Amino acid sequence: MRFFKLDNTPELGKMTDFKASALCDVAEATQRYLTTFSADKFAVHSGKVFDNSVTLVRVEKTLAFICQTYREDVRAKRDSRLHDKGFLTENFDFYRWTPDVATAREIALKSTHARKTSMLNAISRDKIFLTKYYTKLLTASAVRTPVYNQALYALPYDELGLTLTQANNDLTLTRHQYTRQDIIAGALAEKKLARALIWLTEEALHDVLLQGTGVVDVNGVRRYFNVHRNNGIAYDYAIGKREQARYWYFAEVPSIMGYGKTLESKIALKAQVSFAGNVAELGLGKLFMVSYPQANKNISRLGVLADQGGAFDNNLFQLDLLADSYYGWQDYHQANKHLPDYAKAWLMLMKP
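The model shown is predicted, which means the values in this text are computed figures rather than measured ones.

Enquirer: Give a detailed account of the overall build of the chain, specifying residues and quantitative values.
Expert: Summing up its helical and strand segments, the chain has 11 helices and 14 strands in all. Here the C-alpha radius of gyration of the chain, 21 Å, is about what a compact globule of 352 residues would show, namely 20 Å. By principal-axis analysis of the C-alpha atoms, the chain measures approximately 60 × 45 × 40 Å. The buried share of the chain, taken over its 352 residues, is 55%. In the chain, the share of contacts with a sequence separation of at least 24, taken over all contacts with a separation of at least 6, comes to 77%. With an accessible surface of roughly 16200 Å², the chain has 51% of that area assigned to carbon and sulfur atoms.

Enquirer: So, the environment of Gly232: which residues are in play, and what are the values?
Expert: Following the sequence through the fold, Gly232 ends up in the loop between β8 (221-230) and β9 (248-253). Owing to a relative accessible area of 61%, Gly232 belongs among the exposed residues under this scheme. Sequence spacing of Gly232 and Arg175 is 57 residues, and the spatial spacing of their C-alpha atoms is 8.3 Å.

Enquirer: Describe the pattern of salt bridges, and please don't skip the residues or the numbers.
Expert: What the rule picks out here adds up to 17 salt bridges. Where Glu72 meets Arg81, a salt bridge forms, and the shortest distance between an N and an O atom there is 2.8 Å. Judged by its relative accessible area of 28%, Glu72 falls in the partly exposed class. Across the pair Glu203 and Lys241 runs a salt bridge whose closest N-O atoms are separated by 3.0 Å. Linking Glu203 in helix α9 (residues 202-211) with Lys241 in the loop between β8 and β9, this pair joins segments that are 38 residues apart in sequence. Classification of Lys241 by relative accessible area gives partly exposed; the value is 26%.

Enquirer: Kindly report on helix α4 (residues 101-110), identifying the contributing residues and their values.
Expert: Buried residues of α4: Val101, Thr103, Ala104, Ile107 and Ala108, and no others. Projection of α4 onto a plane perpendicular to its axis shows the buried side chains occupying an angular sector of 160°, all on one side. Exposed and oriented more than 90 degrees from the buried face of α4 are Leu109 and Lys110.

Enquirer: Which residues make up the pairing of strand β11 (residues 287-294), and what are the values?
Expert: Judged by how many residues are buried, β11 sits mostly within the fold: 6 of 8 residues are covered. Relative to strand β12 (residues 297-307), β11 runs antiparallel, the two being bridged by 8 bridges. Bridged to Ser291 within β12 is Ser300. With antiparallel pairing between neighbouring strands as the criterion, β11 and β12 make up a hairpin whose turn holds 2 residues, including Ala295 at a positive phi of roughly 50°.

Enquirer: An account of the environment of Asp217 is needed here, citing residue identities and associated values.
Expert: Here Asp217 shows up in strand β7 (residues 213-218). Counting along the chain gives 212 residues from Asp217 to Lys5, while the straight-line C-alpha distance between them is 46 Å. Separated by 3.0 Å, the side chains of Asp217 and Arg222 make a polar contact.

Enquirer: I'd like a description of the nonpolar core, backed by residues and values.
Expert: Within soluble globular proteins, side chains that are nonpolar tend to cluster in buried spots. Residues Phe4 and Leu88 are the most contacted members of the largest nonpolar core, which totals 73 residues. Examining the composition of this core, we find that 9 residues originate from one element, helix α1 (residues 20-36), more than from any other. Sequence-distant contacts of Phe4, defined by excluding residues within four places in its chain, comprise Val49, Phe50, Tyr95, Arg96, Trp97, Leu282, Phe288 and Leu347. Counting 29 residues, the second-largest nonpolar core is a separate cluster that includes Ile184, Ala204, Val208 and Phe225.

Definitions and cut-offs
- Residues numbered from 1 in each chain as written.
- Predicted model: local features only at pLDDT ≥ 70, side-chain atom pairs only at ≥ 80, totals over all residues.
- Heavy atoms only, no water.
- Helix = DSSP H or I, 4+ residues; strand = E, 2+ residues; numbered from the N terminus.
- Rg over C-alpha atoms; globule rule 2.2 N^0.38 Å.
- Buried < 20%, exposed > 50% of the residue type's maximum accessible area, 1.4 Å probe, protein only.
- Contact = heavy atoms within 4.5 Å.
- Areas by Shrake-Rupley, 256 points an atom, 1.4 Å probe, with all protein chains shown as cover.
- Salt bridge = Lys/Arg side-chain N within 4 Å of Asp/Glu carboxyl O.
- Arc of directions from axis to C-beta.
- Pairing = 2+ DSSP bridges.
- Polar contact = N/O pair within 3.5 Å; in protein donor to acceptor, adjacent residues only side chain to side chain.
- Core = buried A, V, L, I, M, F, W, Y, C linked by side-chain atoms within 4.5 Å.

Following this line, the structure appears as structure tokens:
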């Protein structure tokens, strides 16, 4: 296991006040995906970077144990043992994550984004890059206006009713024809090729395309929009959000959603206990602990790998914590400025 090693003395800090119920919700939804969609070999596997001590059976048992513990504690009317460091070390094996610094440095050399280059170069051999992402709280309009002049589009009309495989194999479809810049310039609107779900500012559109989920209150009702299918152009880690050619079409969903091969199969996420990461190499459903100093003490938190993104291709140096929903960077930063950019990290598995 090149980047992971069994650690018999993990350095755990004070556990954050995450909701054990939320952790159970994500664990249960992810376990359901693992068992229901076992044919999804991209995500449902033990992991490509581990030895044979890390098995899919252990991953599923770990997720089940989280909910078993939570429910036992509720019935016993006691504090959650998932916040108890002694309970965790007694019942879980910890595998320390040493990040892939070499790849991070290679990406930094190619990057044209100064801040990103600096952050990647600062990754050390004992701490992963701990980024935070949020779902975009949108100010939107039901109709196009001079301010809200960019649509969040549903799948183009010529793709409705097609499976993902059918649509991906037909390169003549609208979805494969246009870049983000083409669509912002009006390519879909001019020819009426897709339905506008809601209308946004251009800045908000770039944000929601990056975050993958939009949250908007319409007439007092909170609505959620999630990425559905993209134009097939890869995310380029080396450039900024406005320069990305990748474009996502959206669909309305019941809550914040994470990984899933189809829109209907996506995993419902909860803030503060959900991680996005390299699902292709780590495998879906891994339980991670990250630890970091804060206010003169060490803090630890748990989360389940239940989401991914283009930024994680060939990336074994980063986890992305779902923070919450915010209108923009300033709101997000004010609520999360205490969180660090780097943290020690461990994969956790229920002991055999």
